[in-house]
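# Structural description and commentary
Read off the chains here:
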Amino acid sequence: MTVFEKIYEVVKNIPEGRVMTYGRVALLAGNPRWARVVGYALHQNPFPGIVPCHRVVNREGRVAETFAFGGRDVQQALLESEGIIFEPDGRIDLKKYGM
């Protein structure tokens, strides 16, 4: 299994209404130093709709400014449609919604 395939497997298991950080995905995929690799993999996600890359956020609970599938507003809208509420400063409460 390739590194990207390991990452996609982890991300596929993030349930609706929950998020995971790039670092946590990296750790669960096999190497805590792969956080940037997670970003590269998700940017190239060949399985939109199957691999819910919109559920991956940074360590501060912020969405990606350059979300590959439509930009920051699209990622936030997708998460809000799953019931995630953003703080006034644009962050997601990782204690409440994180895995």
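The following paragraphs examine the structure supplied in this document. What you are looking at is a predicted structure, and each value in this text was computed from that prediction instead of being measured.

Attention now moves to the packing of helix α2 (residues 22-29) against helix α3 (residues 35-43). Between α2 and α3, the least distance of the axes is 8 Å, while the angle of their chain directions is 95°. One finds that α2 runs roughly perpendicular with respect to α3. On α3, the residues that touch Tyr22, Gly23, Val25 and Ala26 of α2 are Ala35, Val38, Gly39 and Leu42. Residues belonging to the contact of α2 with α3 are distributed by class as follows: six nonpolar, two polar and no charged.

Attention shifts here to the pattern of salt bridges. By the definition in use, this model includes four salt bridges. Ionic pairing is found between Lys12 and Glu9, a salt bridge with its closest N-O pair at 2.9 Å. Separated by three residues within a single helix, Lys12 and Glu9 lie in helix α1 (residues 3-12), roughly one turn from each other. What makes Lys12 partly exposed here is its relative accessible area of 37%.

Bringing the packing of α1 against α2 into the picture now. At their nearest, the axes of α1 and α2 sit 9 Å apart, and the two run at 115° to each other. In this structure, α1 crosses over α2, and the sense of that crossing is right-handed. On α2, the residues that touch Lys6, Ile7, Val10 and Val11 of α1 are Val25, Leu28 and Ala29. Residue composition of the contact of α1 with α2, by class: six nonpolar, no polar and one charged.

Turning our attention to the packing of aromatic side chains. Under the definition given, this model contains two aromatic pairs. Seen in terms of ring centroids, Phe4 and Tyr8 are 6.2 Å apart; in terms of plane orientation they differ by 70°. Their pairing is edge-to-face. Linking Phe4 with Tyr8, this pair stays in helix α1, spanning four residues, or about one helical turn. Relative to Phe47, the ring of Tyr8 has its centre 6.1 Å away and its plane inclined at 85°; by these criteria the two rings are edge-to-face. With a gap of 39 residues between them, Tyr8 in helix α1 and Phe47 in the loop between α3 and β2 (56-57) connect regions that are remote in the sequence. We classify Tyr8 as buried; its relative accessible area is 7%. An aromatic cluster of three or more residues is present, and its members are Phe4, Tyr8 and Phe47.

The rules behind these values
Residues numbered from 1 in each chain as written. Predicted model: local features only at pLDDT ≥ 70, side-chain atom pairs only at ≥ 80, totals over all residues. Heavy atoms only, no water. Axes fitted to C-alpha atoms, helices over the stretch in contact; angles between N-to-C directions. Helix = DSSP H or I, 4+ residues; strand = E, 2+ residues; numbered from the N terminus. Parallel < 35°, antiparallel > 145°, perpendicular 65-115°, else oblique. Contact = heavy atoms within 4.5 Å. Nonpolar A, V, L, I, M, F, W, Y, C, P; charged D, E, K, R; others polar. Salt bridge = Lys/Arg side-chain N within 4 Å of Asp/Glu carboxyl O. Buried < 20%, exposed > 50% of the residue type's maximum accessible area, 1.4 Å probe, protein only. Left-handed = near helix turned anticlockwise from the far one by under 90°. Phe/Tyr/Trp six-rings, centres within 6.5 Å; stacked < 30°, edge-to-face > 60°.

Just geometry here; none of it tells us what the structure is for.
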